[in-house]
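Breakdown of the fold
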Amino acid sequence: MPIRFDEAALTWHLAGPGLSYVVGLQGGLPRQLHWGPAIPDEAVASLAVEWREAYSWDDRLHTGAELLGELGPQFATPSLQLRHPDGAKGFAWNYADHSIEGDHLAIHFTDRTLALTLHYRLWDTGVLDRWASLEAAAPVEPDAAASVESTRFDGAPSVATRLDAAPLVELTRFDSAAWTLPHWDDYRLSHLSGEWAAEWQLRRVPLPVGETAIGSRRGGTSHQANPWVALDDGTATETAGTVYSTNLAWSGSWRVLLRRSAQGRVSITGGAGHEGLRWTLRDGETWTTPVASGLFTPGGFGGASRAWHEHLRRHVMPTPEEDAPVLFNSWEAVFFDVAEEKQLPLVSLAARIGCEQFVVDDGWFGARVTDHAGLGDWSPNPDRFPKGLGPLIDAVHATGMKFGIWVEPEMCNPDSDLYRAHPDWVLHQAGRDRTELRQQLVLDYGRPEVAAWAFAWLDELLSGNDIDYLKWDHNRPWTEVGRPGHADPDRAWFEHVEAVYALKERLRAEHPNVRIEGCAGGGGRVDPGMLRHVDQVWTSDNTDAGDRVAIQYGFSQAYPTRAMDTWITDEPSGFNRRTTSLRFRFQVASAGVLAVGGNLTEWTEAELEEAAEHVAHYKRLRPVVQHGVQHRLGDPEASPVTGVQYVRGDQIAVLAFKTPWHCNRPLAPLRPEGIASDSRWLDEDTGDLHWGATLNVLGLPLRWAGADWDSAILRLRRVE
Ligand code: DGJ
C-alpha cells in the first residue's frame, strides 16, 4: 500500500482500499491526523486544523496521540510509562528521521539514551498494523568483553547485553499503539467476554465517560476477555454504518484501555502486559511490542468481521487455504480412560462415519490416568500403550485417517518425574506457595533449558511417530509469576509467550506436515498472535449445541470460521443437561470446522448411519463454509431464528438455527444477504429454482424438522 511523505508538512499518508491513515508531527508530537475514508493527498496538510482547534486543552493533548505519553500535563493513563535512572519520567519526542521500506513505515524519535520507533504497515485488507520499539543505548561504547547473550523480546537474534550493567530505563507500560476515533455525539463499545465454557459472549454497551479497561492478568489471552474491540456511534447495524475496531496479536496478559473524555473524544490504547509489571532495558537492548491492528470500515459490524476474517486468513494464519479435516477427538468420549484397546473401536467407528483425522486426547502418557499426576512425563503409558503409540497410529492410518495427539507442553503436575527432577523449572516466587490449579503448575519457558527440553521431547515425539496433528492445550492461568534470582523477574510474563511462539515455529519448520490446534481449556488463548502459529483453535469446552449458537456468533465477530473447531458430542450436554437432536448438534457444528467428540461405541446403528450422512453433507458444504465469505443473519440474543450465510463464487450455504421461542414473539423469515433480485438460484438438495427477488422478499425456503432447537441447511448455486 502506498505511503506518501510530505516533507514540508511532516505528514505521512498511508492510503489503502477506500481508506486513509495520516500521521503527522504536530508541535513535535506524533499525532494521528486522520483514520477513515480515503482523502486526497492535497487535503492532508489541512488536517492539522482539527487538532489545533480542539475545544479543551486536555483533549488537545490526548486526541490523536500515537502513544499516550506522560510528560507534562497529560493526565490520561499513558501508553508508555518509563523512568530514567535519574528519576525523570516519560519520553520526550524528538523527531530524528523516518524510513519507508516497501509498505513498512518507521518513524524514529530520540530522548536521552533512548530511541523510540513507531511502526506502521497498512494491508490490502484495510487492516493497519502498528507496533513500537524502544532501544536503549549508553552514550559511550560498551565494554564488549563484559557482554553476555540475552534474548530480544521480539524473538529476533539475540543482542549483546550486559545483564549486570546498570539499567538505562525502567518500563512499567509499553503499549503497541494508541488510536483516536472521529468526534461523534456518542460511542458504543462491542467486546467479547465470558468465562470458561461460556467464552465469546458479545456485549454491546454505551461507552461511558472515563476510562474503560479490559484485559487479562492471567498469562494467557483469557476466557474472560478478548483483545478485539469495536466502536461505533450507536447507530451501526450488522449491514451498515461506520465501525472502528482493533485487536492485539498477543497471547499473554494484556490491557486495552478506552478513554472517553468529557468533551466527547475517544482514544484506545492497548498492549502486552498488565498493570504493575516492571522491567528494565540495558545498553544495547531493544524492546519491541507485539502488533496492534486497527480497522476502519463503513460496512457495519458484518463488514468489519468479514475484513478481519479476510485479513487473518490471508496475512496471519499459516494454512488457511487447506481444507481442515473432519476430526474425531477422544476427550468427551472417554475422558482419561485412554488405552490402545479402548481407542481401536472408536477408530473404526470414526472412520466409518467419515472422519478424516483421529485425535487421542489427554491421558496417553506417563502416570496421567487422572489430572492429578503425570503431566510433564511425555512417554506413552506402558500399561495403556504396551508397544508405544505405533500400533494405534498404524491402525488409524490404515483407515485412511490422519493421526493427532494431545499435548500440554507448558505445564506439569507436581506429581510428575519432571517436577521431581526440576522443581525450579516452574514459574514461582521466593518464599511463596506455588498455587496449583487443576493440580498443575506452569513451566517457565523464559529459561532456555526449559524451552530446549520442550523442543527436544516434542521433536522426538514427532520424529519417532507418524503424527499429523498436535492439539496443544494450556489449562490454567498463571500465578506467582517470577524467577527467583533473576534481575528482571517480570520479564517471565513476556518471555514465556515469545518462547511458545518460537517453539511452535521451530516445530513447524522441522515438521512441515504437522498441523497444530491451539487450545487453552477451551477458547482461552485465541488472538491474532496465536493464530499466526496454529492452524485452528478449540472454541470452547462447552459443546452444547444450544449454547454454541451464541458462542459461535461471538467468535465470528473477530475470527474466521476456518479457525473455529466445532464438535458434536453426546447428549444430554455435560454442561447444562440439555438434550437436542443429532441433526441439530451436527448442523450447528457444521458452521465451523466439524469434529465428532461423542462416544461412538454407545451410538445406535441408526445414529451412526445418520452421523455418516451429516459428515458427508458437511464435506459437500466444506469449501463454502471453511473458505467462503461469512454473513451473519440475525442476532441470537434478539431473535430465536438466526443463521450464518457463507458465499463462495456462485455457491451459497446457509445454516439456520431455531432456539426456543414463545407465542406473541414475531418469527420473521430469514433473508439472505447480497443476492441480486434478477439472479436465479438452484437448491442443490431439492432441485428447486428460486429467484433472488423471491428469496429477498419472502425469505429463505428453510426446511425445519421440528420446533425448538431445530436447524436447517440450504445449499444454493447461482444458475443465472
Ligand atoms: C481442556 C480442553 O479444552 C479439552 O478439550 C481437553 O483436551 C482437556 N483439556 C484435556 O485435559
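Worth saying up front: this structure is predicted, and the values here are computed from it rather than measured. What you see as residue numbers is a count from 1 along each chain, following the sequence as written. Totals for whole chains, interfaces and linings use all residues, but because this is a predicted model, local features are given only for residues with pLDDT of at least 70 and pairs of side-chain atoms are given and counted only at 80 or more. Excluded from the side-chain calculation are hydrogens and water; included are all heavy atoms of the structure.

**What about the sheet that holds strand β20 (residues 266-272)?**
- Overall, antiparallel pairing links the four strands, which are arranged β13-β20-β19-β16 in an open sheet. Two strands in the sheet have a free side with no partner beyond their single neighbour: β13 (177-180) and β16 (210-216). Sheet twist, expressed as the average angle between the axes of neighbouring strands with direction ignored, equals 15 degrees.
- Relative to β20, β13 is paired through four bridges, and the arrangement is antiparallel. Within β20, the residue paired with Thr-180 across the bridge is Ser-267. A strand pair is defined by DSSP finding two or more bridges across the two strands. What counts as a helix is a DSSP run of H or I of at least four residues, what counts as a strand is a run of E of at least two, and both are numbered from the N terminus. In this description, a line fitted to the C-alpha atoms serves as the axis of each element, helices being fitted only across the stretch in contact, and the angle between N-to-C directions of two axes falls anywhere from 0 to 180 degrees.

**Re the packing of aromatic side chains**
- Paired rings are identified among Phe, Tyr and Trp, the last through its six-membered ring, by centres lying within 6.5 Å, and are further divided according to the angle between planes into stacked (under 30 degrees), edge-to-face (over 60) and tilted (the rest). In this structure the tally under the stated criterion is 36 aromatic pairs.
- On the numbers, 6.2 Å between centres and 85 degrees between planes, the contact of Trp-250 with Tyr-501 is edge-to-face. Of this pair, Trp-250 sits in the loop between β18 (243-248) and β19 (254-260) while Tyr-501 sits in helix α9 (residues 492-510), and the two are 251 residues apart along the sequence.
- Each residue is placed in one exposure class: buried if its accessible area under a 1.4 Å probe, protein chains only, is under 20% of its type's maximum, exposed if it is over 50%, and partly exposed if it falls in between. For Trp-250, a relative accessible area of 1% corresponds to the buried category.
- Taking the centre distance of 4.0 Å and the plane angle of 25 degrees together, the rings of Trp-538 and Trp-567 count as stacked. Separated by 29 residues along the polypeptide, Trp-538 in strand β31 (residues 536-538) and Trp-567 in strand β32 (residues 564-568) bring together distant segments of the chain. Of the two residues, Trp-538 and Trp-567, neither departs from the other in class, the shared state being buried.
- Note on geometry: a ring has a charge over it if NZ (lysine) or CZ (arginine) is within 6 Å of the ring centre and within 35 degrees of the ring normal. Arg-130 extends its terminal NZ or CZ atom over the ring of Trp-179, reaching a point 4.8 Å from the ring centre.

**Topic: the side chain of Thr-569**
- Relative to the helices and strands, Thr-569 is located in the loop between β32 and α12 (582-589).
- Look at Thr-569 and you get buried, because its relative accessible area is 4%.
- Two N or O atoms count as a polar contact when they lie within 3.5 Å, although within protein this holds only if one can serve as hydrogen donor and the other as acceptor, and sequence-adjacent residues are included solely when both atoms are side-chain atoms. Polar contacts involving the side chain of Thr-569 include one to the side chain of Thr-543, which spans 2.8 Å.
- Any two residues whose heavy atoms approach within 4.5 Å at even a single point are treated as in contact. Aside from chain neighbours lying at most four places away, what touches Thr-569 is Glu-332, Thr-543, Arg-585, Gly-597 and Gly-598.

**A closer look at helix α3 (residues 300-316)**
- In a regular helix each residue adds 1.5 Å, so 17 residues correspond to 24 Å; α3 covers 23 Å between its end C-alpha atoms and thus fits that length.
- For α3, a buried count of 14 out of 17 residues is recorded, marking the element as mostly surrounded by other parts of the structure. Multiplying one less than the number of residues by 1.5 Å gives the expected span of a helix.

**Some remarks on the UniProt feature "domain: Glycosyl hydrolase family 36 N-terminal" (unreviewed entry) in the protein**
- UniProt positions are given in the numbering used here, feature names are shortened, and annotations may be inferred rather than shown by experiment. UniProt marks residues 28-136 and 169-281 with the feature "domain: Glycosyl hydrolase family 36 N-terminal" (unreviewed entry), using the numbering shown here.
- Counted over residues 169-281, helix gives 0% and strand 53%. Its end C-alpha atoms are 5 Å apart.

**Comments concerning α12**
- Taken across its eight residues, α12 has seven buried, putting it largely inside the fold.
- Those residues of α12 not exposed but buried are Leu-582, Phe-584, Arg-585, Phe-586, Gln-587, Val-588 and Ala-589.
- Residues of α12 that are buried sit in contact with α11 (545-558), β32, β33 (593-596), α13 (605-627), β36 (651-658) and β39 (710-718).

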